[in-house]
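Each chain, written out:
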Amino acid sequence: MAKQRKNIPTGDVAVETGTRSPIKTISWGLLLIIVLLAALLVLAGREFSGMTFQARSVKNSILQAVESLNEGDLSESFRKLELADEKVSAMEAALETPLHIRLRSIPRVQQKWEQYQTLFPLWHRGYEEIVLYARAFWEENPLPEEMSIQETETLVAYLNFADGLMDRLNIFTPELAAQDLYILDRQGKLTTSCELLQQTLDFCEPYRESLLRPVAKMLHDVPPSSIKTDESFQVRALLRYLDFIEDILPAAKELSQALPEAPFAGQLSGETLEKLPALVEKVSGFLRSNEDMIELARLILAGGEDRTYLLIALNAAELRAVNGFPGQVGEITIRDGVLQIGSFDSIRSYMKVSMPRSIKLTPTEANALIIPFKSSWDVCCLPDYERAAYIWSRGCEEMLGYVPDGILSMEPSLVQKLLAVGGPITLSDGTELNGENATRLLQHDFYYDNFTADCNSYSADSIANALFTEVAALTMEQVMGDLSIEKLSGYLSILRDGLEESSIRFWMEREEEENFLKQRNWAGSLQVEGDEAVSRIYFNTTAACKLSWFLDEELTVEEGVPNKDGSITYDVTLTLTNTVTPEVIKASHSYLIGFSAGSFLCNVYMFAPDGGKITYLKGGGSVGYGEYMGLQFGMVYGIILRPGKPLSIHYKVTTAPGVEKTLQVIPFRTLKEYWPEDKPTADGTEPEIYTEYTESPVTEEPTESGGTTDPGGSTDSGGSTDPGGSTDPGGSTDSGGSTDSGGSTDPT
């Protein structure tokens, strides 16, 4: 029988017998709610775990971008940052879904959401104002593999960009540092990077005013490329750079010394850390070691005011007391601040052969030193360059109507030294001149290849002149070409050495500028302060020839013997040899070997030290004594130095009483150091070994003090003032202005 359900009335509610109790129903409901809440919390946790994972992914992209930046891979660095921005945008969109909006009712979720909402705008502003700003600049201005000063526009752009980037970072970095980055970076790597960035900004800030901005402004206002064009220099720009470098060098040194301790030093390679100190040391070392040459350059450049200088290329193939005969002459002009080196021409284009009318030779000059010529060109026979250059300047005034502001003369060996630094040049006929062959080509080959025995001397002269002119022009072009600190240092070293050994000589018209040279012993003066133990020897050819290439000399100075008055006497022997061979004589034009069958006609002068004397002179010619520029000298004149016949000159040099230094005898320079090692003769055979010795009769000089008969008939002390407007180192009265009788050499 089926069981019947009974309804038990309970007020308004009917209770069904045999059903679930109310407590159980409530319990099941609560359980369901708990399960739903648990599921919601798990879902929220998972969602925010996903956000945390994405945040860490953003962090990793940022750190990878920093690593690529340290490695110099800007393209990869920007790609990683772009990827990080995409992840941030995805996170931002995910947090705005309906589910995440409902989840914000949970306090922990609300807290994290608020943290993200603070970081997202900061990220977007930093990405736009810094990352996109840097990327746009980099794409418009690709960084060269090697940034050089010649890339002025790019360099200025990068300096200005760095300045602007620092402004942006100085605003953004403190704001970023103030944020709680734990939500993105529990390990603290981003926080550490942020701190490093702030420390880097603090380190660099002082150098913005002392280096970055001044350098950017200087490069913008005066681009280095504006200093030099193909044919000229902007003097004021060059001087402005000299001043600027000297001004910023202290700050640059400070930065280079502080760099190894910089907060970012650990992120840089050892090579990178060494670059700036090496550059600063290179520049400061250049300025320090060339302080004297820079001072000379400032003197010559004269602040950019108008100047005209003569540049004389001496020809040592025709040896004279100032180291050669003046062959090619060029003008160095400064006009409106622009320096130019003009074309070279023969000396006859700058002065007449006759002595300038304003010049009065002293008796010693006329009758002992400039014999037999007495022409303006042949004042190169004077051992005092100051006097010779002064006379040349007056010759230029008489012919061209202006007095040069200075005269610079150079030996031909200088070309070889310059090309050794600057690189070779190639002439129009294909001949290459370099740091090993230039002197031989200029002083031998150009002559002996063209002036053959049967040549047309006019044609040969034209060819040789054209070659010399081309060499001068191309050498100057090479020197003024691609300058670097290394090349400039090399050129200045050549200049310094040349001034000190007198292979380069300078004379200045203005007295205060000439005194600057004299104080440094750069004026080529015969008498040099402090030379009380220095005796010099000078050589003059006295007939037209180009035989000096073949001249050899040997010098022997015996140990000094003290005298009762405190002076010391030294025995000196000078042996001269003319090494020209019969084959060369036979194959060569008289323009080269002269009219004496290859023999040198020459005079030799031995000058005593200051306060000293030359005595007991004997040698292969007539002997005489005199005084010039305050120094006593002895001379052997009328020498005929025959091929293969060594000739010795013997004499005694006595120092002034009380001189303790050992005597230094400085002979004239020959070209033998530029001879080929085997020195082949014209027919390819080895040269003879000359052993025959013949000494001409001599007139002995007693050993008493100097001041004896001058071969010109008077004693000359030199040094009076010439009315030309500047101090003339010679200048006593003489018949002056004589015309060359035809014996002077050709200016080639």
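Residues numbered from 1 in each chain as written. Predicted model: local features only at pLDDT ≥ 70, side-chain atom pairs only at ≥ 80, totals over all residues. Heavy atoms only, no water.

Brief notes about the pairing of strand S17 (residues 622–628)
Extensive coverage of S17 is indicated by the burial of five of its seven residues. Where S17 meets strand S18 (residues 631–641), seven bridges bridge the pair, whose relative direction is antiparallel. Looking at S18, one finds that Tyr625 is bridged to Gly634. (Buried < 20%, exposed > 50% of the residue type's maximum accessible area, 1.4 Å probe, protein only. Helix = DSSP H or I, 4+ residues; strand = E, 2+ residues; numbered from the N terminus. Pairing = 2+ DSSP bridges.)

Some points on the sheet that holds strand S5 (residues 325–335)
One open sheet accounts for six strands, arranged S3-S6-S5-S4-S7-S10; its pairing is mixed. At either end of the open sheet lies a strand with only one pairing partner, and these are strand S3 (232–234) and strand S10 (504–508). This sheet shows a mean twist of 20 degrees between the axes of neighbouring strands, independent of strand direction. Sitting on the sheet, helix H7 (residues 235–258) touches S3, S5 and strand S6 (338–346), and the angle it makes with S3 is about 50 degrees. (Axes fitted to C-alpha atoms, helices over the stretch in contact; angles between N-to-C directions. Contact = heavy atoms within 4.5 Å.)

Observations regarding the sheet that holds strand S11 (residues 534–541)
The five strands lie next to each other as S17-S18-S15-S11-S20, forming an open sheet whose pairing is mixed. Here the strands that pair on one side only, and so sit at the sheet edges, are S17 and strand S20 (664–666). On average, each strand axis in the sheet is inclined to that of its neighbour by 20 degrees, with strand direction left out of account. Sheet topology places strand S15 (residues 600–607) next to S18; seven bridges connect them, and they run antiparallel. Directly across from Leu601, in S18, lies its bridge partner Ile640.

Observations concerning H7
Over its 24 residues, H7 runs 35 Å from end to end, which matches the ideal 34 Å to within 8%, given 1.5 Å per residue. The principal kink in H7, of about 40 degrees, is found at Leu249, preceding the proline Pro250 by one to four residues. Looking at H7, one finds that the buried residues are Val235, Ala237, Leu239, Tyr241, Leu242, Phe244, Ile248, Leu249, Ala251, Ala252, Leu255 and Ser256. (Expected span 1.5 Å × (residues − 1). Bend = angle between axes of the 7 residues up to and from the residue.)

Some words on the confidence of the model for the protein
Residues with a pLDDT of 70 or more make up 79% of the protein, whose mean pLDDT is 80. Low confidence marks residues 30–47, where pLDDT is under 50. Its contacts with residues over four positions away, or in another chain, come to nine contacts. (pLDDT = per-residue confidence, 0-100.)

Details of the nonpolar core
With 62 residues, the main nonpolar core has Leu296 and Leu517 as its most contacted residues. For this core, the leading source of residues is H7, giving 11 residues. Dropping the residues within four chain positions of it, Leu517 is found in contact with Leu296, Phe506, Trp507, Met508, Trp522 and Ala523. The next biggest cluster of nonpolar side chains, apart from the first, holds 61 residues, and it includes Ala438, Leu551, Val653 and Trp675. (Core = buried A, V, L, I, M, F, W, Y, C linked by side-chain atoms within 4.5 Å.)

Here we look at the pattern of salt bridges
Counted according to the given criterion, the structure contains 33 salt bridges. In this structure, the salt-bridge partner of Arg135 is Glu82, at a minimum N-O distance of 3.3 Å. Separated by 53 residues along the polypeptide, Arg135 in helix H4 (residues 107–140) and Glu82 in helix H2 (residues 74–94) bring together distant segments of the chain. The exposure class of Glu82 is partly exposed, given its relative accessible area of 32%. Two residues, Arg125 and Glu129, come together in a salt bridge whose shortest N-O distance is 3.9 Å. Here Arg125 and its partner Glu129 are both found in helix H4, four residues apart, which amounts to about one turn of the helix. (Salt bridge = Lys/Arg side-chain N within 4 Å of Asp/Glu carboxyl O.)

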